Amino acid sequence: MIMKYLYRIYQLFIALPIILVYTIITALMVILGCAIGNAHFWGYYPGKWWGWLIIKVLLLPVKVEGEANLEKDKSYVFVANHQGAFDIFLVYGFLGRNIRWMMKYQILKIPLVGAACKASKQILVDKRGPKKIKATYDHAREMLTGGTSLMVFPEGARTFTGHMGIFKRGAFMLADELQLPVVPMTINGSFNVLPRMNDWHFVEWHPLKLTIHQPVYPFEKGPANVSSAMTDSYSAIMSALTPEYQGTVENPDQ
């Protein structure tokens, strides 16, 4: 119990100020760096350092398994379960691949963060009509080359229970359209560190683990390939979840 309260004091007076300052610095680095040029570098590395620093300054241990399943300089569509806010820091800081995120276009409304996402050419999903959807695909096709990959949480929302909800088809349709392999990844520990019900609360100390599974390669183009990739990815991610979070639980926020 004493260690718990010491950890909270550390968060409040040491970790939080560092994280806030570095978050602002990161957003500014991305905006200015991408304005100067080379969005391939500035659109990824400041975010990678940001994710790594947040987890390290909070003293959270990390284990990554399965890096050998990935080929160097190959583009993938990464998909993972969405346990909590720390999923982003874990993937950004420790996956070790130049990625862009698939996210809702509404994020552009967030001060600094929205500008940084736009400058770094994240894949902003806009479903307001066929032209908007086509523009999303065209943008992804332009960005996902030369080893740059896409990161998606197919559930579309963080879990309330630690269990997985259902997957939406968008990421798998995009992978099918671009004929890219899908890489399932299992995240463990993020729900224990900070579940969404405790947003703006203290972080709880808990190990984090990222398991990178074998890529699921396209065998054709079309609905059958989409369904197969989605089913295989779901099964792979579920297989590596800790036993207490096995099984599907409907997420009302999906």
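Residues numbered from 1 in each chain as written. Predicted model: local features only at pLDDT ≥ 70, side-chain atom pairs only at ≥ 80, totals over all residues. Heavy atoms only, no water.

1. Re the side chain of Ser149
Piece 1. Along the polypeptide, Ser149 turns up in strand E5 (residues 149-152).
Piece 2. Separated by 2.9 Å, the side chain of Ser149 and the backbone nitrogen of Tyr76 make a polar contact.
Piece 3. When sequence neighbours within four positions are dropped, the list of residues in contact with Ser149 reads Lys74, Ser75, Tyr76, Phe78, Asn98, Ile99, Arg100 and Leu144. (Helix = DSSP H or I, 4+ residues; strand = E, 2+ residues; numbered from the N terminus. Polar contact = N/O pair within 3.5 Å; in protein donor to acceptor, adjacent residues only side chain to side chain. Contact = heavy atoms within 4.5 Å.)

2. Here's the deal with empty space enclosed by the protein
Piece 1. A full pass over the atoms with the stated rule returns one cavity of 30 Å³ or more.
Piece 2. Reported here for the largest cavity is a volume of approximately 50 Å³.
Piece 3. Taken together, Phe172, Ala175, Asp176, Leu180, Val182, Val216, Tyr217, Pro218, Asn225 and Ala229 make up the lining of the largest cavity.
Piece 4. Of all the secondary-structure elements, those providing two or more residues to the lining of the largest cavity are helix H7 (170-178) and helix H9 (223-239).
Piece 5. Of the residues forming the lining of the largest cavity, the biggest block, three residues, is contributed by H7. (1 Å grid on protein atoms, 1.4 Å probe; cavity = no way out; pocket = protein on both sides within 12 Å on 5 of 7 lines; lining within 4 Å. Points joined across faces, edges and corners; volume = space filled by probe spheres on them.)

3. A look at the state of the cysteines
Piece 1. Considering all chains together, one arrives at zero disulfides under this definition.
Piece 2. In this model Cys34 remains outside any disulfide bridge; the closest cysteine sulfur is found in Cys117, 10 Å from its own.
Piece 3. When its relative accessible area of 13% is taken as the criterion, Cys34 is described as buried.
Piece 4. For Cys117, a relative accessible area of 10% corresponds to the buried category. (Disulfide = S-S within 2.5 Å. Buried < 20%, exposed > 50% of the residue type's maximum accessible area, 1.4 Å probe, protein only.)

4. Quick look at the pairing of strand E7 (residues 208-212)
Piece 1. For E7, the tally of buried residues reaches four of five residues, placing the bulk of the element in the interior.
Piece 2. Sheet topology places strand E1 (residues 62-65) next to E7; four bridges connect them, and they run parallel. Counterpart to Val62 in the pairing with E7 is Leu208.
Piece 3. In the sheet, strand E6 (residues 182-188) pairs with E7 via four bridges, with the strands oriented antiparallel. (Pairing = 2+ DSSP bridges.)

5. Looking at the packing of H7 against H9
Piece 1. For the pair H7 and H9, interaxial distance at closest approach is 9 Å and the crossing angle is 125°. Taken together, the axis directions place H7 and H9 in an arrangement best described as oblique. You can see that H7 and H9 cross each other, and the crossing is right-handed. For the pair H7 and H9, contact is made by Phe172, Met173 and Asp176 and by Asn225, Val226, Ala229, Met230 and Ser233, respectively.
Piece 2. Residues that form the contact of H7 with H9 fall into these classes: five nonpolar, two polar and one charged. (Axes fitted to C-alpha atoms, helices over the stretch in contact; angles between N-to-C directions. Parallel < 35°, antiparallel > 145°, perpendicular 65-115°, else oblique. Left-handed = near helix turned anticlockwise from the far one by under 90°. Nonpolar A, V, L, I, M, F, W, Y, C, P; charged D, E, K, R; others polar.)

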